[in-house]
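Listed here are the chains, written in short residue letters.
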Amino acid sequence: MAVRPVQVNIKALDPVAVGRFWAQALGWSAYHPGVTTYVGPAGGLIWPDPVFVGIDVVPVPDPGTTTKNRLHLDLATTSEAHRAELVERVRDLGATPVDVGQGSVPWTVLADVEGNEFCVLEPRDVYRDTGPIAAIVVDCADPRAMARFWGEALDRTPHEVADDRAVWRTAEGTGPYLEFLRTPDAKTVPDRVHLDLLPRPGDDKDAEVARLRALGATDLDLGQGDVPWTCLADPEGHEFCVLAPS
């Protein structure tokens, strides 16, 4: 039994505008299957996508705190020319530069049209075949502790577990990496961005939720009411949802 990330969930005042930004930034399409705006590869809505992790933008009356998100996306580039073109393109779409204390680094830190941070990376061989999203990056206090929980939780293969970073990818070597990075700032408020997970085909959602609780996940009340998904938090308080198979 295991769960797999299928989408990054972003709370937004204007989900259509945020979805349009990310669709144009990634070269994907924005779909409107219901009240949310889903961003995934062009060519028609396929959910869950068999390779990529999509973006689901959810309308909320108040996205919450404007402090730095604990989860952000790293975007891949294939050359310095591609990096420069992508930075220029997303800035034309409304992205703004952000200082999160990164100092002098070869990548560019930006925020989308509602202030959600992301990075446009310099070309790196390790991300040459990930698609437009190189990595989903989560700030944490203890990557080794996160490795113990998420290593048991996920349908993913560990690539690196160290004091400063824990990294996973699919066993097939497809799609983005999932990375937990040690950061000095502690989590204090609910995030505007979180992962949505899905059980494997044929697995029981309730059984998966029970398994995650046994691993150390805790129930989370975000005012969601009676919904078909389950909101949980990992041992450091990172929110995530376990979705019901559609």
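1. As for the overall build of the protein
Part 1 of the argument: Helices and strands together make up the secondary structure of the protein, namely 4 helices and 16 strands.
Part 2 of the argument: Relative to its length of 246 residues, the protein is compact, with a C-alpha radius of gyration of 17 Å against a globular reference of 18 Å.
Part 3 of the argument: Principal-axis analysis of the C-alpha atoms gives the protein an extent of 50 × 40 × 35 Å.
Part 4 of the argument: Pairs at least 24 apart in sequence give 63% of the contacts found in the protein among residues at least 6 apart.
Part 5 of the argument: Per element, the accessible surface of the protein, about 11,100 Å² overall, is 54% carbon and sulfur.
Part 6 of the argument: Charge centroids of the protein, computed over 22 positive and 38 negative side chains, lie 3 Å from each other.

2. Considering empty space enclosed by the protein
Part 1 of the argument: What the rule picks out here adds up to 2 cavities of 30 Å³ or more.
Part 2 of the argument: Roughly 90 Å³ of volume is contained in the largest cavity.
Part 3 of the argument: As for the largest cavity, its lining consists of 13 residues, of which Leu71, Val138, His194, His238 and Glu239 are closest to the centre.
Part 4 of the argument: Ranked by residue count, the leading element in the lining of the largest cavity is strand E13 (residues 193–199), at 3 residues.
Part 5 of the argument: Across the lining of the largest cavity, the residue classes break down as 6 nonpolar, 2 polar and 5 charged.
Part 6 of the argument: By volume, the second largest cavity amounts to about 60 Å³.
Part 7 of the argument: Considering the residues around the second largest cavity, the lining is formed by Val8, Ile10, Trp22, Asn69, Leu71, His72, Leu73, Asn116, Glu117 and Val193.
Part 8 of the argument: Taken together, the elements giving at least two residues each to the lining of the second largest cavity come down to strand E1 (3–12) and strand E5 (71–75).
Part 9 of the argument: Of all the elements, E5 adds the most residues to the lining of the second largest cavity, at 3 residues.

3. Structural notes on the packing of helix H1 (residues 15–26) against helix H2 (residues 80–92)
Pairs of packed helices are described in terms of their axes, by the angle between the two and the distance that separates them.
Part 1 of the argument: Following both chains from N to C, one finds H1 and H2 inclined at 160°, their axes separated by 10 Å at the closest point. Relative to H2, H1 is oriented roughly antiparallel. As H1 packs across H2, the resulting crossing turns out to be right-handed. When H1 is examined against H2, the residues Phe21, Gln24 and Ala25 are found in contact with a partner set consisting of Leu86, Arg89 and Val90.
Part 2 of the argument: Of the residues belonging to the contact of H1 with H2, the class tally is 4 nonpolar, 1 polar and 1 charged.

4. Notes on the layout of surface pockets
Part 1 of the argument: One number sums up the size of the largest pocket: a volume of about 770 Å³.
Part 2 of the argument: Lining the largest pocket are 31 residues; nearest its centre among them are Asn9, Asp56, Val58, Asp196 and Trp229.
Part 3 of the argument: Looking at the lining of the largest pocket, the element that brings in the most residues is E1, giving 3 residues.
Part 4 of the argument: In the lining of the largest pocket, the residues fall into 17 nonpolar, 10 polar and 4 charged.

5. Examining the sheet that holds strand E4 (residues 54–59)
Part 1 of the argument: Spatial strand order, E2-E3-E4-E1-E13-E16-E15-E14: 8 strands in an open sheet with mixed pairing. Of all strands in the sheet, those bounded by a partner on one side alone are strand E2 (29–31) and strand E14 (218–219).
Part 2 of the argument: As judged from the 3 bridges shared by E13 and strand E16 (residues 239–242), these two strands associate in the parallel manner. The residue of E16 that forms the bridge with Asp196 is Cys241.

Definitions and limits used
Residues numbered from 1 in each chain as written. Predicted model: local features only at pLDDT ≥ 70, side-chain atom pairs only at ≥ 80, totals over all residues. Heavy atoms only, no water. Helix = DSSP H or I, 4+ residues; strand = E, 2+ residues; numbered from the N terminus. Rg over C-alpha atoms; globule rule 2.2 N^0.38 Å. Contact = heavy atoms within 4.5 Å. Areas by Shrake-Rupley, 256 points an atom, 1.4 Å probe, with all protein chains shown as cover. Lys, Arg positive; Asp, Glu negative; His and termini not counted. Charge placed at Lys NZ, Arg CZ, Asp CG, Glu CD. 1 Å grid on protein atoms, 1.4 Å probe; cavity = no way out; pocket = protein on both sides within 12 Å on 5 of 7 lines; lining within 4 Å. Points joined across faces, edges and corners; volume = space filled by probe spheres on them. Nonpolar A, V, L, I, M, F, W, Y, C, P; charged D, E, K, R; others polar. Axes fitted to C-alpha atoms, helices over the stretch in contact; angles between N-to-C directions. Parallel < 35°, antiparallel > 145°, perpendicular 65-115°, else oblique. Left-handed = near helix turned anticlockwise from the far one by under 90°. Pairing = 2+ DSSP bridges.

Everything listed is a geometric property; what it means functionally is a separate question.
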